[in-house]
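A look at the structure
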Amino acid sequence: MFRDDLSLFMVGQLGDMAKNVARKSADNIANRAHNPFSLFEGREEKYMAVGRSLDSQLGTRLQKIAFYCARYTYGFVNVPNIVVMDENTEGLTVETLSYPVENGMTQCLYWGGRAEDRLSVSCRRSLSASPERLDGKVYRFGGAEIQEKIQEIKGIIHGQGGKMPMDLFYLDPDENAHTYEIKAGGNLDTKNKVENRNEVMRLEKVFSMFGNNVSKFATCYNNRGEGSDPDGAIFGLLDGAHKVVGRHFWEEVLPLAEVSYDEFIALYADAFVKARVRDIIANGN
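As a starting point, this report considers the structure included with it. (Residues numbered from 1 in each chain as written. Predicted model: local features only at pLDDT ≥ 70, side-chain atom pairs only at ≥ 80, totals over all residues. Heavy atoms only, no water.)

1. Quick notes on the overall build of the chain
- When you go through the chain residue by residue, the secondary structure sums to eight helices and nine strands.
- Counting all 285 residues of the chain, 47% fall into the buried class.
- Sequence-distant contacts, at least 24 apart, represent 74% of the contacts inside the chain between residues at least 6 apart.
- Here the chain displays about 14500 Å² of accessible surface, and carbon together with sulfur accounts for 50% of that area. (Helix = DSSP H or I, 4+ residues; strand = E, 2+ residues; numbered from the N terminus. Buried < 20%, exposed > 50% of the residue type's maximum accessible area, 1.4 Å probe, protein only. Contact = heavy atoms within 4.5 Å. Areas by Shrake-Rupley, 256 points an atom, 1.4 Å probe, with all protein chains shown as cover.)

2. What to know about the sheet that holds strand β2 (residues 91-98)
- Read across the open sheet, the five strands follow the order β4-β2-β1-β3-β5; overall the sheet is mixed. The two strands at the open ends of the sheet, each matched to only one other strand, are β4 (135-142) and β5 (163-166). For this sheet, the mean angle separating the axes of adjacent strands, direction not counted, is 15°.
- Where strand β3 (residues 107-111) meets β5, four bridges bridge the pair, whose relative direction is antiparallel. Pairing of C108 across the sheet is with P165, part of β5.
- Across the sheet, helix α4 (residues 144-159) is in contact with β1 (82-87), β2, β3, β4 and β5; its angle to β3 comes to roughly 115°. (Pairing = 2+ DSSP bridges. Axes fitted to C-alpha atoms, helices over the stretch in contact; angles between N-to-C directions.)

3. Overview of the nonpolar core
- L6, I65, L168, F249, W250 and F264 are the most contacted members of the largest nonpolar core, which totals 39 residues.
- Looking at this core, the elements that each hand over two or more residues are α1 (2-31), α2 (42-74), β6 (168-171), β7 (177-183), α6 (247-253), α7 (261-274) and α8 (277-283).
- Once residues within four sequence positions are removed from consideration, I65 is found in contact with L6, F9, M10, W250, F264 and Y268.
- In terms of nonpolar packing, the next biggest core, distinct from the first, is built from 23 residues, W111, M166, M209 and F210 among them. (Core = buried A, V, L, I, M, F, W, Y, C linked by side-chain atoms within 4.5 Å.)

4. Here we look at the sheet that holds β7
- On the basis of which strands lie adjacent, the open sheet formed by four strands has the order β6-β7-β8-β9 and mixed pairing. Among the strands making up the open sheet, the edge pair consists of β6 and β9 (243-245). Shown here is a sheet whose adjacent strand axes are inclined to one another by a mean of 25°, direction ignored.
- Relative to β7, β6 runs antiparallel, the two sharing four bridges. Residue pairing across strands places L171 opposite A177, the latter belonging to β7.

5. As for the side chain of N103
- Within the secondary structure, N103 is located in the loop between β2 and β3.
- One polar contact links N103 to S126, side chain to side chain, over a distance of 2.9 Å.
- For N103, the residues in contact, after removing those within four places along its chain, are C123, S126 and L127. (Polar contact = N/O pair within 3.5 Å; in protein donor to acceptor, adjacent residues only side chain to side chain.)

6. Overview of the environment of V79
- Of note, V79 is situated in the loop between α2 and β1.
- Measuring from C-alpha to C-alpha, the distance between V79 and D172 comes to 9.1 Å, with 93 residues separating the pair along the chain.
- Contact partners of V79, with chain neighbours within four places excluded, come to F67, A70, R71, Y74, S98, Q107, L168, F169 and Y170.

7. Regarding the side chain of E181
- Along the polypeptide, E181 turns up in strand β7.
- Within the buried core, E181 has no salt-bridge partner, and the shortest N-O distance to an opposite charge, that of K183, equals 4.0 Å.
- In this view, E181 contacts D167, N196, E199, V200, L203, K216, F217 and A218; residues no more than four positions away in its chain are not counted. (Lys, Arg positive; Asp, Glu negative; His and termini not counted. Salt bridge = Lys/Arg side-chain N within 4 Å of Asp/Glu carboxyl O.)

8. Here's the deal with α4
- The first and last C-alpha atoms of α4 sit 24 Å apart over 16 residues, in line with the 22 Å expected at 1.5 Å per residue.
- The sharpest bend along α4 measures roughly 30° and falls at I150.
- Inspection of α4 places I146, K149, I150, I153, I156 and I157 among the buried residues, and these make up the whole buried set.
- Once α4 finishes, G161 follows within two positions and takes phi at roughly 90°, a positive value. (Expected span 1.5 Å × (residues − 1). Bend = angle between axes of the 7 residues up to and from the residue.)

9. Points about the packing of aromatic side chains
- Per the counting criterion, the structure on display carries 14 aromatic pairs.
- Judged by centre distance (5.2 Å) and plane angle (55°), the rings of F249 and W250 are tilted.
- When its relative accessible area of 0% is taken as the criterion, F249 is described as buried.
- Take W250: its relative accessible area is 2%, and that puts it in the buried class.
- With centroids separated by 6.2 Å and ring planes inclined at 40°, the aromatic side chains of Y268 and F272 adopt a geometry described as tilted. Linking Y268 with F272, this pair stays in helix α7, spanning four residues, or about one helical turn.
- Residue classification places F272 among the partly exposed positions, given a relative accessible area of 22%.
- By way of ring pairs, the aromatic residues Y74, Y170, Y180, F249, W250 and F264 are connected into one cluster. (Phe/Tyr/Trp six-rings, centres within 6.5 Å; stacked < 30°, edge-to-face > 60°.)

As structure tokens, then:
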């Protein structure tokens, strides 16, 4: 049952997060031991270090939870780990490849080659005895419109070093592409807000051959509370079609027939307790 599986998954993610936060906060304190300009100590220093570590860790874990939910909602193959685009005599080929969540939850778009060749050494080794756990699709696009787009798409991907990591990508049942740049709250500094806006638009262009494709800047929660306009300059850089905040984001990736947003938040709160996040961060174990 998805509800039980999701609960176990979140307990595991939050438990790992708590251990990493405890370790990294201790490292942060040690690294600042000789800083004569930071005069905090004891609990003050610990809480500041914990806050820095928790902020960086929480966004990553929420992104993985979103991936897990989307894969259940839209299917294993439709939420791939690897996407490879390449030019051929007829137009454009898009190959996808998915592997189990225990082998990783990253997603990346590449230009050229075969999807299987993009597997990491550790992933290839882990799955060598059970290749049936890999699955994917091949999509072919042709025609004058695609021919006009190929060079732009190729240029965008090469401009990013030949690969584009994606926070979340999936294809819905109508084969419309959905891509997201995900942040926990969305109140970004000046440099990050512009780059995140640009990444949203780049992703929309490279997947433009997939139906009513849409790319969005997404936040895991509304930093001013549900029902209010979120705080952050990036929200003014994007129109309503290219941003989704808090509840509305989760309602796009959750299997709502089985778990509503409110039920999801309750499951998360329960998993937070079961994972002993407070105890681990406070006591280091």
